[in-house]
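As a plain string of letters, each chain reads:
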Amino acid sequence: VQLQAYGGGLVQAGGSLRLSCAASGRSFSSLHMGWFRRAPGKEREFVAAISWDGRSTILADSVKGRFTISRDNAKNAAYLQMNSLKPEDTAVYYCAVDRSRAGLRRVHYAYDYWGQGTLVTVSS
């Protein structure tokens, strides 16, 4: 599976962005996927994950109520809708998929394939 995240950019605090993750390969629709981010000088951080069928999602506490994860398997794509953005959301955002059929996981080492990141910058 090859992944490509896009949709990042510069936005003012309180604004919104929608990130997309385009996947190649027929297996995408059977894989859990997640979004992670890495802020400057910080460790990679879990943001959200969604089950292969889209029925289950989990979010980091820091983004609950502001971010929504979704997917469209017919389009081999996943999305991260980000609302009420804060300067602390500034980071490079990555999408990834988990080949296991275990439950949704928050740790980066559970994910097997990663896309190139897309930079989100939130100005105050």
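Preceding this section is the structure that the text describes.
Quantities reported herein were computed from a predicted structural model and do not represent experimental measurements.

1. Describing the overall build of the chain
Okay, so step 1: Counting its regular elements, the chain contains zero helices and 11 strands.
Okay, so step 2: When the helices and strands of the chain are read in sequence order from the N terminus, they spell out β-β-β-β-β-β-β-β-β-β-β.
Okay, so step 3: Computed over the C-alpha atoms, the radius of gyration of the chain is 13 Å, within 12% of the 14 Å expected from 2.2 N^0.38 for a compact globule of 124 residues.
Okay, so step 4: Viewed in the frame of its principal axes, the chain has a C-alpha envelope of about 40 × 25 × 25 Å.
Okay, so step 5: Within the chain, the proportion of its 124 residues that are buried is 43%.
Okay, so step 6: A separation threshold of at least 6 residues defines the contact pool for the chain, and within that pool the share at least 24 residues apart is 58%.
Okay, so step 7: Counting only carbon and sulfur atoms, one obtains 47% of the accessible surface of the chain, whose full area is about 6400 Å².
Okay, so step 8: Treating the 16 positive side-chain charges of the chain as one cloud and the 9 negative ones as another, the clouds have centres 4 Å apart.

2. Structural notes on the pattern of salt bridges
Pairing between side chains of opposite charge can happen when the charged atoms of each approach one another.
Okay, so step 1: This structure, assessed with the given rule, holds seven salt bridges.
Okay, so step 2: For the salt bridge of Glu 45 with Arg 37, the shortest nitrogen-to-oxygen distance reads 2.8 Å.
Okay, so step 3: Here the residues in one salt-bridge network are Arg 37, Glu 45, Arg 66 and Asp 89, joined through shared partners.

Definitions and limits used
- Along each chain, the written sequence defines residue order, and numbers are assigned to residues from 1.
- Selection of residues for local features in this predicted model requires a pLDDT of at least 70, selection of side-chain atom pairs for listing and counting requires 80 or more, and totals for whole chains, interfaces and linings are taken over all residues.
- Derived side-chain values reflect all non-hydrogen atoms in the structure, with water molecules and hydrogen atoms excluded from consideration.
- Working definition: helices are DSSP H or I runs of at least four residues, strands are E runs of at least two. Numbering for both runs from the N terminus.
- In this description the radius of gyration comes from C-alpha coordinates, and the expected globular size is given by 2.2 Å times residues to the power 0.38.
- Relative accessibility decides the category of a residue: with a 1.4 Å probe and only protein chains considered, values under 20% of the type maximum give buried, values over 50% give exposed, and everything between is partly exposed.
- Should any heavy atoms of two residues lie within 4.5 Å, those residues are considered in contact.
- Areas reported here follow the Shrake-Rupley algorithm with a probe of radius 1.4 Å; residue values treat only the protein chains shown as occluding.
- Charge counting treats Lys and Arg as positive and Asp and Glu as negative, with His and both chain ends excluded.
- By convention, the point assigned to a charge is CZ for Arg, NZ for Lys, CD for Glu and CG for Asp.
- The salt bridge definition used is simple: a Lys or Arg side-chain nitrogen within 4 Å of an Asp or Glu carboxyl oxygen.

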